[in-house]
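As a plain string of letters, each chain reads:
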Amino acid sequence: MAGFLTDALTAQLAVQDFAELEAGRDEAAVRRLQGATLARPQVVDGFYYLGDMLNRLGRNLEAERVLRRAVALNPCAEVRLGLAFVLMCQGRYPEGWALYRARHEIAGAGLPRAADFPYPEWTGQELSGKHLVIFPEQGFGDQIQFARFVPQLLARGAEVTLLCRPGLERLLCDSLPDARVLAAAGAVEFPDPDYWAMVGGLVGPLGTTLETVPGDPYLTTGATWPALAPGRKIGLMTKGSPTQAKDRARSLPSDVAARLAASLPGQVIDLDPALTGAKDFAQTAALIRQLDLVVTVDTSVAHLAGGMGKPCWVLLSHLGIDWRWLRDRTDSPWYPSVRLFRQGPDLDWGPVIAQVASEGAGI
């Protein structure tokens, strides 16, 4: 079986081509990787990198064909996970979520395996009278997004313990009063469970499809925030965590962020907690509750506002759009109050800012 990500020549070519991609020279980059797969058709690395590049460009059907070839060459976890993301971008959740389980097999991902626990993983078993503990994974936005499934588990008769990243516990306690919500920090004690699950692993066993995603608002908070001045108020978030792999594409350059802020009507409030002083997501939610609109890049604020049912406009980079925002849509089945504003293939934020400014004037 061919190795995976062990071919130095392909890896060097991929680094060069992804730099070309970020510079807007995507066709040349794609052609070079296509040439690499033709020249060395038994090396899985080239097919994996090519599929990933095509997916980043939104060319999902092409990416799927390439990654299915990669899976045929070497069905390792990384390649199956790459195919999972391509399918999820298309809203093909049943097959995508089944392949998404491959993330547990990737060394360095930090996710547990079934053998790590003395109790079984929940994969759809009967839950009535059973205790399910849910562990956190990925970023704040992912945990907010998947918390919507806890009421379905409770409705099946489960006792649910939800562990979350510190900073989310008060918001999720307020929003999910029938669950036991604990911050995953230090030694955490809870009753022995019957099953365990990762928060990102709930979608598959629940049989969720694009048509059955629970989209009703599900976040609330008892936290308070000082009253804002009367008049139109817009919350703004122009950057995500700099440690996120795709942050360079999703966060706005400082000059673009300044133009966006200046183009919005009324009182514009930067929602960065470093500026607002919000101590956790519950306080940020209390602030958002007073706003007329939230404008944000693809970061946790989009999930927070969307989960509250607050009107929210999300600005999406053309490169590496996350699977949850699908493709070629201006709406989201995950958050009906969200509108999507997509950057074009020229990677220019200018038209996006102009559209937001034009439509913001009519709020």
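Description of the structure in this document.

1. Some thoughts on the state of the cysteines
Next up, step 1: With the rule as written, the count across this model stands at 0 disulfides.
Next up, step 2: The structure places no disulfide on cysteine 76, whose sulfur is separated from the nearest cysteine sulfur, that of cysteine 89, by 19 Å.
Next up, step 3: Judged by relative accessible area, which is 15%, cysteine 76 ranks as buried.
Next up, step 4: Free of any disulfide, cysteine 164 has its nearest cysteine sulfur in cysteine 173, 7.2 Å distant.
Next up, step 5: The buried category is assigned to cysteine 164, whose relative accessible area is 1%.

2. Let's talk about unusual backbone geometry
Most peptide bonds take the trans configuration, and most residues that are not glycine carry a negative phi.
Next up, step 1: Backbone geometry at glutamine 138 places phi at a positive 65°, although glycine is not the residue there.
Next up, step 2: Looking at where glutamine 138 falls in the secondary structure, it is placed in the loop between strand E1 (131–135) and helix H7 (140–146).
Next up, step 3: Of the residues examined, glutamine 138 reaches a relative accessible area of 37% and is grouped as partly exposed.
Next up, step 4: Its identity as a non-glycine residue notwithstanding, aspartate 328 has a phi of 55°, on the positive side.
Next up, step 5: Tracing the sequence through the fold places aspartate 328 in the loop between strand E8 (312–316) and strand E9 (338–342).

3. Observations concerning the packing of aromatic side chains
Next up, step 1: Tallying each qualifying case throughout the model produces 18 aromatic pairs.
Next up, step 2: Ring plane angle 80° and centroid distance 6.0 Å describe the contact between tryptophan 97 and phenylalanine 146, whose orientation is recorded as edge-to-face. Remark: phenylalanine 146 occurs in helix H7 and tryptophan 97 occurs in helix H6 (residues 93–100); sequence separation between them is 49 residues. This pair shows no difference in class: tryptophan 97 is buried, exactly as phenylalanine 146 is.
Next up, step 3: On the numbers, 5.3 Å between centres and 25° between planes, the contact of phenylalanine 117 with phenylalanine 135 is stacked.

4. Overview of the environment of alanine 274
Next up, step 1: Relative to the helices and strands, alanine 274 is located in helix H12 (residues 273–276).
Next up, step 2: Relative accessible area serves as the criterion here: at 70%, alanine 274 is assigned to the exposed category.

5. Some remarks on the sheet that holds strand E2 (residues 159–164)
Next up, step 1: Taken in spatial order, the 4 strands line up as E3-E2-E1-E4 in an open sheet, and their pairing is parallel. The sheet is open, and its two borders are formed by strand E3 (180–183) and strand E4 (195–198), each paired with just one other strand. Strand after strand, the sheet turns through a mean of 20° between neighbouring axes, direction not considered.
Next up, step 2: Note: E1 against E2, 4 bridges, orientation parallel. By the bridge assignment, histidine 131 is partnered in E2 with glutamate 159.

6. Focus: helix H2 (residues 26–39)
Next up, step 1: Look at H2: 20 Å from first C-alpha to last across 14 residues, which is about the 20 Å you get at 1.5 Å a residue.
Next up, step 2: By the burial criterion, the buried members of H2 are Asp26, Ala29, Val30, Leu33, Ala36 and Thr37. Down the axis of H2, the buried side of the element spans an arc of 120°, and every buried residue falls inside it. H2 presents Arg31, Leu38 and Ala39 as exposed residues on the side facing more than 90 degrees away from its buried surface.

7. As for the nonpolar core
Next up, step 1: Core analysis: the largest hydrophobic core is formed by 91 residues, its most contacted members being Tyr93, Ile134, Leu153, Leu202, Leu271, Ile288 and Leu304.
Next up, step 2: The element contributing the most residues to this core is helix H5 (residues 77–89), with 9 residues.
Next up, step 3: If we ignore the near neighbours within four places in the chain, the residues touching isoleucine 288 are Leu271, Val294, Val301, Leu304, Ala305, Met308 and Lys310.
Next up, step 4: With 17 residues, the next largest nonpolar core counts Leu252, Ala257, Leu293 and Leu315 among its residues.

8. So, the layout of surface pockets
Next up, step 1: Each pocket or cavity is described by its volume, and for the second largest pocket that value is around 230 Å³.
Next up, step 2: Around the second largest pocket, the lining is made up of 14 residues, and of these Arg248, Ala249, Gln343, Leu347 and Trp349 lie nearest the centre.
Next up, step 3: Where the lining of the second largest pocket is concerned, the elements lending two or more residues are helix H10 (247–250) and helix H11 (254–263).
Next up, step 4: Class assignment for the residues of the lining of the second largest pocket results in 6 nonpolar, 4 polar and 4 charged.

Calculation notes
Residues numbered from 1 in each chain as written. Predicted model: local features only at pLDDT ≥ 70, side-chain atom pairs only at ≥ 80, totals over all residues. Heavy atoms only, no water. Disulfide = S-S within 2.5 Å. Buried < 20%, exposed > 50% of the residue type's maximum accessible area, 1.4 Å probe, protein only. Helix = DSSP H or I, 4+ residues; strand = E, 2+ residues; numbered from the N terminus. Phe/Tyr/Trp six-rings, centres within 6.5 Å; stacked < 30°, edge-to-face > 60°. Pairing = 2+ DSSP bridges. Axes fitted to C-alpha atoms, helices over the stretch in contact; angles between N-to-C directions. Expected span 1.5 Å × (residues − 1). Arc of directions from axis to C-beta. Core = buried A, V, L, I, M, F, W, Y, C linked by side-chain atoms within 4.5 Å. Contact = heavy atoms within 4.5 Å. 1 Å grid on protein atoms, 1.4 Å probe; cavity = no way out; pocket = protein on both sides within 12 Å on 5 of 7 lines; lining within 4 Å. Points joined across faces, edges and corners; volume = space filled by probe spheres on them. Nonpolar A, V, L, I, M, F, W, Y, C, P; charged D, E, K, R; others polar.

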